[in-house]
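# Secondary and tertiary structure notes
Residues per chain are reported as follows:
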Amino acid sequence: MSNYSNLLFVYHHGLIFIAAAVCLFGTWVGMRHFARARATEGATRYGWLFMASLGTGAALWASIFISILSQAPLLPSGFDLAPVAGALLIAIVSCALGFEIGSRKRPSLAPELGGMVVGAGILAMHYVGLKGWHVAGTVTWNWFGIAISIIFGLGLGALSVNRANRPVTRYCRHGAAVVMTFLVCVMHYTLLASHHFIADSAVPLPPNLVSAHTLAIGVVGAVLLVIGSGFSSYIIDLRSRTEAAERIYQLSFNDTMTGLPNRVAFNERLAFDVSDAHEKAHKLAAFSIDIDGFKDVNDVFGHSVGDLVLIEVAERIRRILQPGEFLARQGGDEFLALQMSGNQPVTAQQFAERISAALREPFNAKGTPVKLTASIGYAIFPTDTPERDQLLSNAKLAMHRCKITQRGTTGRYDQRMDEPARDRRALARDLHSAIEGNELHLCYQLQTSLADGSIRGAEALMRWNHPTRGVVSPGEFIPLAEESELIIPMGIWALRTACRDAAEGKVPGVVAVNLSPVQLKQPDLVETIHTILLETGLSPSRLEVEITESSLMKDQTSAMHVLRRLKGMGVTVAMDDFGTGYSSLATLHAFPFDKIKLDQSFVRKIPENMSAVAIVRTVLALGKSLGIPVLAEGIETEEQLRFLAREGCDEGQGYLMARPVEAGKLADAIAAIERRAAQHVDFDDALTRSGSIAAA
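We now turn to the structure provided with this report. None of the values given here were measured: they were computed from a predicted structure. Here, residues in each chain are numbered from 1, in the same order as that chain's written sequence. Per-residue local features of the predicted model are confined to residues with pLDDT of at least 70, and side-chain atom pairs are confined, for both listing and counting, to 80 or more; whole-chain, interface and lining totals are unaffected and use all residues. Remark: hydrogens and water are excluded; side-chain values derive from all non-hydrogen atoms of the structure.

For the rest of this paragraph, the subject is the overall build of the protein chain. For the purposes of this entry, the term helix denotes a DSSP run of H or I that reaches at least four residues, the term strand denotes a run of E that reaches at least two, and both are numbered from the N terminus. Across its full length, the protein chain holds 24 helices and 22 strands. Relative accessible area decides the class of each residue, using a 1.4 Å probe on protein chains only: under 20% of the type maximum gives buried, over 50% gives exposed, and in between gives partly exposed. Buried positions account for 47% of the 696 residues belonging to the protein chain. When checking whether two residues touch, look at their non-hydrogen atoms; a contact exists if any pair is within 4.5 Å. Excluding contacts between residues fewer than 6 apart, the proportion of contacts in the protein chain whose partners are at least 24 apart in sequence is 74%. Surface exposure here means Shrake-Rupley accessible area, sampled with a 1.4 Å probe, where a residue is shielded only by the protein chains that are shown. Carbon and sulfur atoms make up 58% of the accessible area of the protein chain, which amounts to about 32900 Å² in all.

Listed below in structure tokens is the structure:
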């Protein structure tokens, strides 16, 4: 109950509601700023804390003095500016200190400690503010009421900052504002109730007091400050959201690296151009552009250099664009384009040729000139397809056909491409399930000595029994596996299976396993092989890895490093398909292979084809001079066997000796070779050096 006499004051009840509204709005704005401060770091965090303490402190101060002004005394009165201004400073500083403590992550009670600081500051603000209000008479204080105010102030202050500090929803900020408004009201009226006033007109007032009207102007200024703080928060929020929306739009429709439109923007433009083509009776060409050999740039020079090259590619194509042409980046080294014209496909072919010409000059990769070409496929709407969604698929199909037949060329979609392409895509999808469904298995083809017919080992060959297609040729599914990099898990499985079969005695001698170019690029290949040898218990000397010459040429330095590490482990290394590459002698000079495998394309032509005979003799002489044994692949006739044995070939494999069989049937295949050898021990002199295997 207040100790003021109703006969000494005129009450303005509307101002009480205004005071509560100002307090509620100001603390709500302050809690918004406080939430921002908690979510940021560095100087930005302190900026939001300053705004939070300024807005909240001004609102609390204004609400207190609006409440005081609502009780206009009938006796002479006034306000001392020093404590009034001091009360405002106390409010702002205590809020700043309390919010700074409350926004910390440590200690766990930081929000409550910060809230208690705010509560103590509000109590001090009240006390100083009331001390600055002078009315003719004397004032005494009820210290019990002050103690109650302190308890309420500290408790409710801790609760308000605790609510504001919870990272849940905006309702926590609303709750914090309500709690703090309740805190101010309770503390204000508790202090008024503890403030005993005895009217005495004889008591002189201090000089230089300002009137209630003058103070009201200051209060209005504080209210405007609170409103300005809230408005500034709104402006900052609006600007941040606008910038974020623009950034999201930019990321959604533009490629961040090249600055070109991305696939999403391309689809939007495609839909628009298709409609436009209908209206204008024009034709629309869609292009799929793939940069040939770009993967080698990444592998040799690194991805950072590759990115710079891609940016240059995009800039060169962008410079040659003409009205009605649109370029976008699909991703990786693939670009997309559209061209509207009434003279298709002539203008489409001209556009593709302009792109090829723009890429003709070498690119700079760390000071090294690099030549790149582009395989470009295109399709015409509505000539090639009336379906918008099918148009780009047809262009991609044409591009892939160019990459397969001759890289760096341009081709238009043809309906005859559909069937094999669909079949290829279906087979690629089935290959995924083949790995998971255990449809793959290994067969082994025995390798024998042509001197004495002894078994030297066997080559592991991967086979696929498709549930509906039957046996799928390795020539079909291995390239698909390499394109999709499924060859990596397939290759690991083949290595593990072959090593396990050899360790268990199912495979005699050395087991040979092919390594694809994709596997050679894996940084952990050597460690993987080492782990497999340890797991299976196979001696490294019984494992032979076969590397094609073409796979070495992709990244010779890296491949040679891998092969040297394998040889250091004791694994033997054979060059497969020797003679089909373009630098065989240089390759042999760069790396000491343990074996050369003469490609079957030469073996099948001997002894009738003189060119093949000359090549085979040269390879055999080369192997002998370098001390590297030579194994001939694809031996299918007695004549081939006699010729190779007579010319000094070391080893051979082929259907004449043994067909590829599963590990469980190798024992029967070996027994068959030995029986046939025993029946032909007295073969003619030409087979003397070939031993028992010569008659197999």
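On we go from here.
What follows is about the pattern of salt bridges. By salt bridge we mean one thing: a side-chain nitrogen of Lys or Arg within 4 Å of a carboxyl oxygen of Asp or Glu. Counted according to the given criterion, the structure contains 22 salt bridges. One salt bridge connects Lys595 with Glu544, and the closest N-O pair in it is separated by 3.2 Å. Pair noted here: Lys595 is in strand E20 (residues 595-598) and Glu544 is in strand E18 (residues 543-548), with a separation of 51 residues, a long-range link. Of the two residues examined, Lys595 and Glu544, each falls in the buried class. For Asp594, the salt bridge is made with Lys567, and the minimal N-O distance between the two is 2.9 Å. One end of the pair, Asp594, is in the loop between helix H20 (584-590) and E20; the other, Lys567, is in helix H19 (residues 556-569), with 27 residues separating them in the sequence. Given the relative accessible area of 25%, Asp594 is considered partly exposed.

Now for the sheet that holds strand E12 (residues 373-381). One bridge is not enough; two strands pair if DSSP finds at least two bridges between them. Judged by pairing direction, the sheet is mixed, and its five strands sit side by side in the order E8-E9-E7-E12-E13 without closing on themselves. Each edge of the open sheet is held by one strand with a lone partner, namely strand E8 (325-331) and strand E13 (410-412). Geometrically, the sheet is characterised by an average inter-axis angle of 20° between neighbouring strands, direction not taken into account. Relative to E13, E12 runs parallel, the two sharing three bridges. By the bridge assignment, Tyr378 is partnered in E13 with Arg412. Axis definition: a line fit to C-alpha positions, over the contact stretch in the case of helices; interaxial angles, taken between N-to-C directions, run 0 to 180 degrees.

A regular strand places its side chains so that they alternate between the two faces of the sheet. Note: strand E15 (residues 455-466) against strand E17 (residues 510-515), three bridges, orientation parallel. Following the sheet pairing, Ala458 is matched in E17 by Val511. Here E17 runs beside E18; their pairing, made up of five bridges, is parallel. Opposite Val511, over in E18, you have Leu543 as the bridge partner.

Moving on to the packing of helix H17 (residues 525-536) against H19. Remark: H17 packs on H19, axes separated minimally by 10 Å, with the N-to-C direction vectors making an angle of 25°. The orientation of H17 relative to H19 falls into the category roughly parallel. For the element pair H17 and H19, the recorded crossing hand is right-handed. Contact residues: H17 offers Leu525, Val526, Glu527, Ile529, His530 and Leu533, while H19 offers Val562, Arg565, Leu566 and Met569. Classification convention: Asp, Glu, Lys, Arg as charged; Ala, Val, Leu, Ile, Met, Phe, Trp, Tyr, Cys, Pro as nonpolar; all other residues, Gly among them, as polar. Class assignment for the residues of the contact of H17 with H19 results in seven nonpolar, one polar and two charged. Note on angle classes: values under 35 degrees are labelled roughly parallel, values over 145 roughly antiparallel, values of 65 to 115 roughly perpendicular, and the remainder oblique. For any pair of crossing helices, the crossing counts as left-handed if the nearer helix is rotated counterclockwise from the farther one by less than a right angle, and right-handed if it is rotated clockwise.

Every definition here rests on a 1 Å grid over the protein atoms only: cavities are sets of points where a 1.4 Å probe fits but cannot get out, pockets are open sets enclosed by protein on both sides within 12 Å along at least five of seven lines, and lining residues have some atom within 4 Å of a point. Grid points are joined across faces, edges and corners, and a volume is the space filled by probe spheres set on the points. Considering only enclosed or pocket space, the second largest pocket measures out at about 970 Å³ in volume. If you trace the second largest pocket, you find 35 residues lining it, with Glu459, Leu461, Pro474, Asn514 and Asp576 closest to the centre. Contributions of two or more residues to the lining of the second largest pocket are made by strand E14 (440-449), E15, helix H14 (474-484), helix H15 (487-503), E17, helix H16 (517-520), E18 and strand E19 (572-578). Each residue belonging to the lining of the second largest pocket can be placed in one class, and the counts come to 14 nonpolar, 11 polar and 10 charged.

What follows concerns the nonpolar core. Ranked by internal contacts, the top residues of the largest apolar core, which has 81 residues, are Leu431, Tyr444, Leu543, Leu563, Leu566 and Leu644. The biggest single contributor to this core is H15, with eight residues. Nonpolar core, defined: a set of buried Ala, Val, Leu, Ile, Met, Phe, Trp, Tyr and Cys residues in which side-chain atoms within 4.5 Å join the residues together.

Here the amide bond leading from Phe381 into Pro382 is cis, since omega sits at 0°, within 30 degrees of zero. Secondary-structure assignment places Pro382 in the loop between E12 and helix H12 (388-405). Phi at Glu485 takes a positive value of approximately 65°, unusual for a residue other than glycine. By the element assignment, Glu485 lies in the loop between H14 and H15.

Moving on: helix H9 (residues 294-301). If you check which residues of H9 are buried, you get Phe294, Val297 and Asn298. The buried residues of H9 all sit within an arc of 95° when viewed along its axis, so they share a single face. Residues of H9 that are buried make contact with strand E7 (283-292), helix H10 (303-319) and strand E11 (368-370). Two residues or fewer past H9, Gly302 is found with a positive phi of approximately 100°. As used here, the arc is the angular range of directions from the helix axis to the C-beta atoms.

What follows concerns the pairing of E14. Counting buried positions over the 10 residues of E14 gives 10, a clear majority of the element. Both faces of E14 are covered, namely the face carrying Leu440, Leu442, Tyr444, Leu446 and Thr448 and the face carrying His441, Cys443, Gln445, Gln447 and Ser449. Note that E14 and E15 share nine bridges and pair antiparallel. Bridged to Leu440 within E15 is Trp464.

Further remarks concern the packing of aromatic side chains. Pairs were defined over the aromatic rings of Phe, Tyr and Trp, the Trp ring being its six-membered one, requiring ring centres within 6.5 Å. Orientation was assigned from the angle between planes: stacked under 30 degrees, edge-to-face over 60, tilted for the rest. Applying the stated criterion across every chain yields a total of four aromatic pairs. Aromatic pair Phe287 and Phe351: ring centres 5.0 Å apart, planes at 85°, arrangement edge-to-face. One end of the pair, Phe287, is in strand E7; the other, Phe351, is in helix H11 (residues 346-358), and 64 residues separate them in sequence. Looking at Phe287, the relative accessible area reads 0%, which means it is buried. Through pairs of rings, three or more aromatic residues link up here, namely Phe287, Phe351 and Tyr378. A cation over an aromatic ring shows up here: Arg316 above the ring of Phe363, its NZ or CZ 3.8 Å from the ring centre. A cation over a ring is seen here: Arg659 above Tyr655, with NZ or CZ 4.1 Å from the ring centre. Two limits define a charge over a ring: the Lys NZ or Arg CZ must be within 6 Å of the ring centre, and within 35 degrees of the ring normal.

The next thing to look at is the side chain of Asp292. Position of Asp292 among the secondary structure elements: in strand E7. The class for Asp292 is buried, based on a relative accessible area of 5%. Residues adjacent in sequence count toward polar contacts only when both atoms are side-chain atoms; beyond that, a polar contact is any pair of N or O atoms within 3.5 Å, and within protein one must be able to donate a hydrogen and the other to accept it. Looking at Asp292, its side chain comes within polar contact range of the main-chain nitrogen of Gly408, at 2.9 Å. Setting aside chain neighbours within four positions, we find Asp292 in contact with Leu372, Thr373, Ala374, Ser375, Lys403, Arg407 and Gly408.

Bringing the packing of H15 against H17 into the picture now. One way to put it is that H15 packs onto H17 with a least axis distance of 9 Å and a crossing angle of 30°. Classified by the angle between their axes, H15 and H17 sit roughly parallel to one another. Once H15 is placed against H17, the crossing between them reads as right-handed. Two secondary-structure elements touch here, H15 through Ile492, Leu495, Arg496, Cys499, Arg500 and Ala503 and H17 through Thr528, Ile529, Ile532, Leu533, Glu535 and Thr536. Looking at the contact of H15 with H17 residue by residue, the class counts come to seven nonpolar, two polar and three charged.

Structural measurements only, silent on function.
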